[in-house]
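# Observations on the three-dimensional arrangement
Listed below are the residues making up each chain.
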Amino acid sequence: MSHVFLYLDESGCLGFDSSGASKFFVVTLLKVEGIETQKKISRAILRTFKSKISAKEKKNHYELKGSKTDLSIKQYFYRHMPSSGWSIFTVILNKERVYSHLRTGDSKKRLYNYIAKFLLSHVNLRNNVTRLDLVMDRCKSSREIKDFNTYIEAHLDLSPNALLNIEHVISHENPVIQAVDLFCWGIARKYTSEETSWYDCFKEKIEFESVYLPEQDEKRRPL
């Protein structure tokens, strides 16, 4: 029987109107098996921040971010990650092929929830999971959090006896959210810029990676 943590983060935006909007929206999940593995990942982040971030930089930001962290620092962090007990799942939404009626207002929120559910459906949570903690960066309103939690709870394939906790946290207060942010940024760079120097460091840990609505798939639509 096991306690599993899932940390969810995204890179890019779900904006469609601006010329500067990203082509892809990347949602990444870090699956952590057991509290000891969780503690080791937290220590890897905290050690990296303490050892590799200058005092001046620490005044400007309070966390490790993929977009603001040098490759050498990311590599240092990865060397201090535990060798086992964790894996990465990611979905890359090709925004150019999203229906127009899903690009505004509440429909965008519904699209986000669907993509998160799609990603979670590829994580095996039935076998021996007694407690699941789903943790994500707090970037939603109270109403959006309630809608998201209700939607995900209805679609998670958990054992009836498993305990579920969904938590929305401030990223600089949660080291493991910062870890998934680093990985998510690296995956996004692969698709937006074809730059894989950081992605190549951790790609062996990716258990699931899929482009949703790829160019050649004309029939598949999100909703």
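Use the structure listed above.
Now for a look at the structure at hand. Owing to the predicted nature of the structure, the values given are computational and were not obtained by experimental measurement.

## Describing the overall build of the chain
The helix and strand inventory of the chain stands at 7 helices and 6 strands. Taken from the N to the C terminus, the helices and strands of the chain come in the order β-β-α-α-α-β-α-β-α-β-α-α-β. Expressed as a percentage of the 223 residues in the chain, the buried residues total 49%. Counting only carbon and sulfur atoms, one obtains 45% of the accessible surface of the chain, whose full area is about 11400 Å². Of note, the chain has its 35 positive side-chain charges centred 3 Å away from the centre of its 28 negative side-chain charges.

## Some thoughts on the sheet that holds strand β5 (residues 163-169)
Sheet architecture is open: 6 strands sit in the order β5-β4-β1-β2-β3-β6, paired in mixed fashion. The two strands at the open ends of the sheet, each matched to only one other strand, are β5 and β6 (206-212). Across the sheet, the mean angle separating the axes of adjacent strands is 15° when strand polarity is ignored. Bridge count between strand β3 (residues 86-94) and β6: 6 bridges; the pairing is parallel. Pairing of Leu93 across the sheet is with Tyr212, part of β6. Most of the contacts of helix α6 (residues 175-193) go to strand β2 (residues 24-33), to which it runs at about 140°, and overall it touches β1 (2-11), β2, β3, β4 (129-137), β5 and β6.

## Things to note about the side chain of Lys74
Along the chain, Lys74 turns up in helix α3 (residues 71-79). Salt bridges are absent for the buried Lys74, whose nearest opposite-charge side chain, Asp70, sits at 6.7 Å. At 3.0 Å, the side chain of Lys74 and the backbone oxygen of Gly66 are in polar contact. Contact partners of Lys74, with chain neighbours within four places excluded, come to Gly66, Thr69, Leu182, Trp185 and Trp198.

## Points about the packing of α3 against α6
How two helices pack is summed up by the angle between their axes together with the distance between the axes. Viewed as axis vectors pointing N to C, α3 and α6 meet at an angle of 125°, and their least axial separation amounts to 12 Å. As far as their axial angle goes, α6 and α3 are oblique. Here the hand of the crossing between α3 and α6 comes out left-handed. From α3, Lys74, Phe77 and Tyr78 reach across to α6, where they touch Ala179, Leu182, Phe183 and Trp185.

Rules behind the numbers
- Residue indices begin from 1 for each chain and proceed along its sequence in written order.
- Per-residue local features of the predicted model are confined to residues with pLDDT of at least 70, and side-chain atom pairs are confined, for both listing and counting, to 80 or more; whole-chain, interface and lining totals are unaffected and use all residues.
- The side-chain figures draw on all heavy atoms in the structure; neither hydrogens nor water molecules are used.
- Counting from the N terminus, the helices are the DSSP runs of H or I reaching at least four residues and the strands are the DSSP runs of E reaching at least two.
- Buried residues are those whose accessible area, probed at 1.4 Å on protein chains only, stays under 20% of the maximum for their type, while exposed residues exceed 50% and partly exposed ones sit between those limits.
- The accessible surface values rely on the Shrake-Rupley method and a 1.4 Å probe; as for residues, cover is taken only from the protein chains in view.
- Only four residue types enter the charge count: Lys and Arg as positive, Asp and Glu as negative, with His and the chain ends excluded.
- Taken as the charge centre is NZ of Lys, CZ of Arg, CG of Asp or CD of Glu, depending on the residue.
- At least two bridges found by DSSP between two strands are what make those strands a pair.
- Only C-alpha atoms enter the line fits that serve as axes; for helices the fit covers just the stretch in contact. Angles between N-to-C directions range over 0 to 180 degrees.
- In what follows, a contact means two residues having at least one pair of non-hydrogen atoms within 4.5 Å.
- Take a side-chain nitrogen of Lys or Arg and a carboxyl oxygen of Asp or Glu: if they are within 4 Å of each other, that pair is a salt bridge.
- Contacts described as polar in this section are N or O atom pairs within 3.5 Å, which, within protein, must combine one atom able to donate a hydrogen with one able to accept it, while residues neighboring in sequence count only if both atoms come from side chains.
- Here the word oblique covers every angle except those under 35 degrees (roughly parallel), over 145 (roughly antiparallel) and from 65 to 115 (roughly perpendicular).
- Each crossing gets its hand from how the near helix is turned against the far one by less than a right angle, where anticlockwise is left-handed and clockwise is right-handed.

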